[in-house]
Number of protein chains: 2
Amino acid sequence: MKTKPTRYTVIGAGHGGKAMAAHLALMGFEVALYNRTPQHVAAIKARGGITLGSYEAGPNGFGQLACVTSNMEEALHDSDVVMVVVPASAHRSIARTAAAHLRDGQIVVMNPGRTLGALEFRKVLDDRGCTADVVIAETQSFIYASRSEGPSQARIFRIKDAVPLAALPALETGRVLEAINPAYPQFIDGINILETSLNNIGAIFHPAITLLNAGWIESTGGNFQFYLDGVTPTVARIVEVLDRERVTIASALGIRAITACEWLKMAYNTTGDNLYEAIHNQPGYRGINAPPTLKGRYLTEDIPTSLVTFASLAQRYGVSVRCMESIIRLACIAHSTDYWHHGRTLDRLGIEHFSVSELLHYVNKGRIKDTSSKMSLGTRPTVNA
Amino acid sequence: MKTKPTRYTVIGAGHGGKAMAAHLALMGFEVALYNRTPQHVAAIKARGGITLGSYEAGPNGFGQLACVTSNMEEALHDSDVVMVVVPASAHRSIARTAAAHLRDGQIVVMNPGRTLGALEFRKVLDDRGCTADVVIAETQSFIYASRSEGPSQARIFRIKDAVPLAALPALETGRVLEAINPAYPQFIDGINILETSLNNIGAIFHPAITLLNAGWIESTGGNFQFYLDGVTPTVARIVEVLDRERVTIASALGIRAITACEWLKMAYNTTGDNLYEAIHNQPGYRGINAPPTLKGRYLTEDIPTSLVTFASLAQRYGVSVRCMESIIRLACIAHSTDYWHHGRTLDRLGIEHFSVSELLHYVNKGRIKDTSSKMSLGTRPTVNA
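Definitions and limits used
Residues numbered from 1 in each chain as written. Chains lettered and ligands numbered in written order. Predicted model: local features only at pLDDT ≥ 70, side-chain atom pairs only at ≥ 80, totals over all residues. Heavy atoms only, no water. 1 Å grid on protein atoms, 1.4 Å probe; cavity = no way out; pocket = protein on both sides within 12 Å on 5 of 7 lines; lining within 4 Å. Points joined across faces, edges and corners; volume = space filled by probe spheres on them. Nonpolar A, V, L, I, M, F, W, Y, C, P; charged D, E, K, R; others polar. Pairing = 2+ DSSP bridges. Helix = DSSP H or I, 4+ residues; strand = E, 2+ residues; numbered from the N terminus. Axes fitted to C-alpha atoms, helices over the stretch in contact; angles between N-to-C directions. Contact = heavy atoms within 4.5 Å. Parallel < 35°, antiparallel > 145°, perpendicular 65-115°, else oblique. Left-handed = near helix turned anticlockwise from the far one by under 90°. Phe/Tyr/Trp six-rings, centres within 6.5 Å; stacked < 30°, edge-to-face > 60°. Buried < 20%, exposed > 50% of the residue type's maximum accessible area, 1.4 Å probe, protein only. Salt bridge = Lys/Arg side-chain N within 4 Å of Asp/Glu carboxyl O. Least-squares fit on C-alpha atoms with pLDDT ≥ 70 in both. Right-handed = clockwise from strand over helix to strand, strands pointing away. Polar contact = N/O pair within 3.5 Å; in protein donor to acceptor, adjacent residues only side chain to side chain. Buried area = accessible area lost by both parts, 1.4 Å probe.

Draft legend 1. Local environment of empty space enclosed by the protein. Residue and element names in this part refer to chain B. The tally for this structure, following the rule as stated, stands at one cavity of 30 Å³ or more. Lining the largest cavity are Thr 210, Pro 291, Thr 293, Leu 294, Lys 295, Gly 296, Arg 297, Tyr 298 and Leu 299. Looking at the lining of the largest cavity residue by residue, the classes come out as four nonpolar, three polar and two charged.

What follows is the structure in structure tokens.
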């Protein structure tokens, strides 16, 4: 039994962060909410909380927050668990800002990590010389389907039944789950961050469906249902090939990743003989429109912090991912941006020299011990178990 | 001055072949029409011709045909010029059937060649042991925008102002133009078949626009305007990159290919600062709907007989074409087909061993003389000018 309830900090006051902060507050937890831009949280600060709407049996009411701030030091000061709820492309800058203020014993959870977000967060803390004994974890997907509905309003449409979570290293996952399961029994043991990261199905769905509907999105401002209209048999076939490439990368790392179909079953209890059917049998996709432009996170976030990371793993460990490379290439051209250069590659994560066994050791058991006082992750380590 | 008017054979009784046969007949030429499947031309045979409708100042009336047949021997017997008007994927089988029946002095024109259609036709004739002294030529695009409007009806919407044509070898282009310019003054000197082939803009437009609108096409049965709705700023940007890759391949072969924007200006007198504007300023694209499915020629013809050929040239002569390879890859996945294996690669054309200068010699001046009695194109030749 816990004697003192966990104190939470939620980083990010977007669609997800506002819902999570309000929900945690309604569950009775002490919650601090951080957003980099004061204006974005001015209304919440003035009212002292967020009004949460929800589906029938879900959480409803006014969630009163203990602290609303744009000051990271203040946000982290009284926190046990830091829930990072920002686009993955902002993980680096959040880590840089947080590095000086994290304290021993705190837990940081990336909601979600996209691909290897925990590893990137750790790399930035190390690069910044953060010596606090902090556990960093990542979730496989975001627990809510939620939306901001006003300056201090949010709505939850669905809470997923089961969301795998893993700490870096996985040895610490139990400790993280112990801390957050009182609030979120939905979080379950995700084995390690390679498994949570490689099971990031959003990265398989979003960019491919977006690009294969590029003209439709840009011509109509996204005035069609993203999954129900945008996923046709041929689009689904291409997404399935992309998904198979992801599962093959996982295999090369000794991980049995779930397929997109299996994931739909796990997260939403959906069935279907193939991906086309499974997506069309998922009532949760009803009413989800396509993004209004091609500039959104389905490309700008998922390509550099997930598909590029997948493809980077594939290239390092010898897996052919030509469908994935084609999607990345088209996104680069669409945005006149080199997402390989700006993306979360193994090089940027400092793990480009790891063999498979070294990488597994790192994510499962932690940093490989070194006789020198300080070891850079970029240096080729020698395993001494 | 010609003493005897040219006798034409039109191979193929689809949207294009019917329009061309009827138009030639209305211009007063003797025309034979061939189609592999007798049922497809039964109505034309019964009526003895085709009723042609057209735009205001265009050709209208009943075009009486001298011969309507599914027998290639009969079709070619009294012919001076054979106009091949079939999808490029059928060029091989037409060449195989025609090989035994072609006679000295006949001219074969691929309308259009797509990419290196004349070369493929020649390769098949050689492989079949055809020794007739036949000139094979290809046009850069099809001269008409036309449509079949019934079993023995066709309609011409537009006749292009200027369509480059080249013979294999280019030495013979003048002879071909002399034969067909009385009927078609629009055909102009296309320098050589590398230039007409590399200026195949349809291959740049069709597959990319189709794939980037895949969901829209399959979800609505193509119920939108292919160019005016399907080509948005981002789709146009990707098409422009693809186009630049094509122009770069041409450069590697010493050819100054026209850009898609230049082509729109030349063929349709359209202007615009960029491809998006040029396409949207082209009144001829109004009313052209997207294909009803993804199974059509925009992928099944343009990928294997053009984009694969472009990319095969690029790989042989050291040009990076990553956008093109991405489009080909997605088409392969969409159709569960290896278009590289089935496509018109340099290997299949028998020119995979040619250096740039050998290739240019072949397309400009013809087969390199060899001291042995018979020379396979697949053998690396020695140039002896």
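Now that the structure is up, let's keep going.
Draft legend 2. Highlighting the sheet that holds strand 10 (residues 153-159) of chain A. All names here are of chain A. Spatial strand order, 4-3-10-9: four strands in an open sheet with mixed pairing. In the strand order of this sheet, the two ends are held by strand 4 (61-64) and strand 9 (144-150), each with one partner. If you compare each strand with its neighbour and ignore which way they point, the axes differ by 30 degrees on average. Bridge count between strand 3 (residues 49-54) and strand 4: four bridges; the pairing is antiparallel. In the strand pairing of strand 4, Ile 50 is matched with Gly 63. Seen against the sheet, helix 1 (residues 15-26) touches strand 3, strand 4, strand 9 and strand 10 and runs at an angle of roughly 100 degrees to strand 9.

Draft legend 3. The packing of helix 8 (residues 202-211) of chain B against helix 14 (residues 302-316) of chain B, seen in detail. Residues and elements named next belong to chain B. Relative orientation of the contacting elements helix 8 and helix 14 amounts to 115 degrees, with a least axis distance of 10 Å. With respect to each other, helix 8 and helix 14 are oriented roughly perpendicular. With respect to the hand of their crossing, helix 8 and helix 14 are arranged in left-handed fashion. Seen from helix 8, the contacting residues are Gly 202, Ala 203, Ile 204, His 206 and Pro 207; seen from helix 14, they are Asp 302, Ile 303, Ser 306, Leu 307 and Phe 310.

Draft legend 4. Local environment of the packing of aromatic side chains. All names here are of chain A. In the structure shown here, the tally under the stated rule is 23 aromatic pairs over all chains. Ring plane angle 70 degrees and centroid distance 5.6 Å describe the contact between Phe 142 and Tyr 144, whose orientation is recorded as edge-to-face. The same class applies to Phe 142 and to Tyr 144, which are both buried. Among the aromatic residues, those joined into a cluster by ring pairs are Phe 205, Phe 226, Tyr 227, Trp 263, Tyr 285 and Tyr 298.

Draft legend 5. Representation of the pattern of salt bridges within the structure. Residue and element names in this part refer to chain B. Here the structure, examined in full by the defined rule, presents 24 salt bridges over all chains. Close ionic contact of Glu 301 with Arg 114 constitutes a salt bridge, the shortest N to O distance being 2.9 Å. Here Glu 301, found in the loop between helix 13 (297-300) and helix 14, pairs with Arg 114, found in the loop between strand 7 (107-110) and helix 5 (117-127); they are 187 residues apart in sequence, far enough to count as distant. Each of the two residues, Glu 301 as well as Arg 114, counts as buried.

Draft legend 6. Representation of the relation of the copies chain B and chain A within the structure. Mapping chain B onto chain A calls for a screw motion: a turn of 180 degrees about the axis and a shift of 0.0 Å along it, with 0.0 Å RMSD after fitting. What the rotation and shift describe, once combined, is the action of a two-fold rotation axis. Take the interface residues of chain B: 100% of them recur as interface residues in chain A, which is what a same-surface contact looks like.

Draft legend 7. Structural context of the pairing of strand 2 (residues 30-34) of chain B. Residue and element names in this part refer to chain B. In terms of residue burial, strand 2 counts as a mostly covered element, since four of its five residues are buried. Bridge count between strand 1 (residues 7-11) and strand 2: five bridges; the pairing is parallel. Bridged to Thr 9 within strand 2 is Ala 32. In this fold, strand 1 hands off to helix 1 (residues 15-26), which returns the chain to strand 2; that crossover is right-handed. The pairing of strand 2 with strand 5 (residues 67-69) spans three bridges and is classified as parallel. When the bridges of strand 5 are listed, Leu 33 appears paired with Val 68.

Draft legend 8. A look at the side chain of B:Arg344. All names here are of chain B. Within the secondary structure layout, Arg 344 lies in the loop between helix 16 (339-342) and helix 17 (346-349). Overall, Arg 344 belongs to the buried group, its relative accessible area being 0%. Within the structure, Arg 344 has its side chain in polar contact with the backbone oxygen of Thr 115 (distance 2.8 Å).

Draft legend 9. Geometry of the interface of chain B and chain A. If you look at the interface, chain B gives 31 residues, while chain A gives 31 residues. Carbon and sulfur atoms make up 64% of the surface buried where chain B meets chain A, a total of about 2500 Å² over both sides. Its largest share of buried area at the contact with chain A, chain B owes to B:Trp216, B:Leu330 and B:Ile333, together 22% of the area lost on that side. Across the chain B-chain A interface, the total number found is zero salt bridges. Where chain B meets chain A, there are 14 residue pairs in polar contact (both at pLDDT 80 or more).

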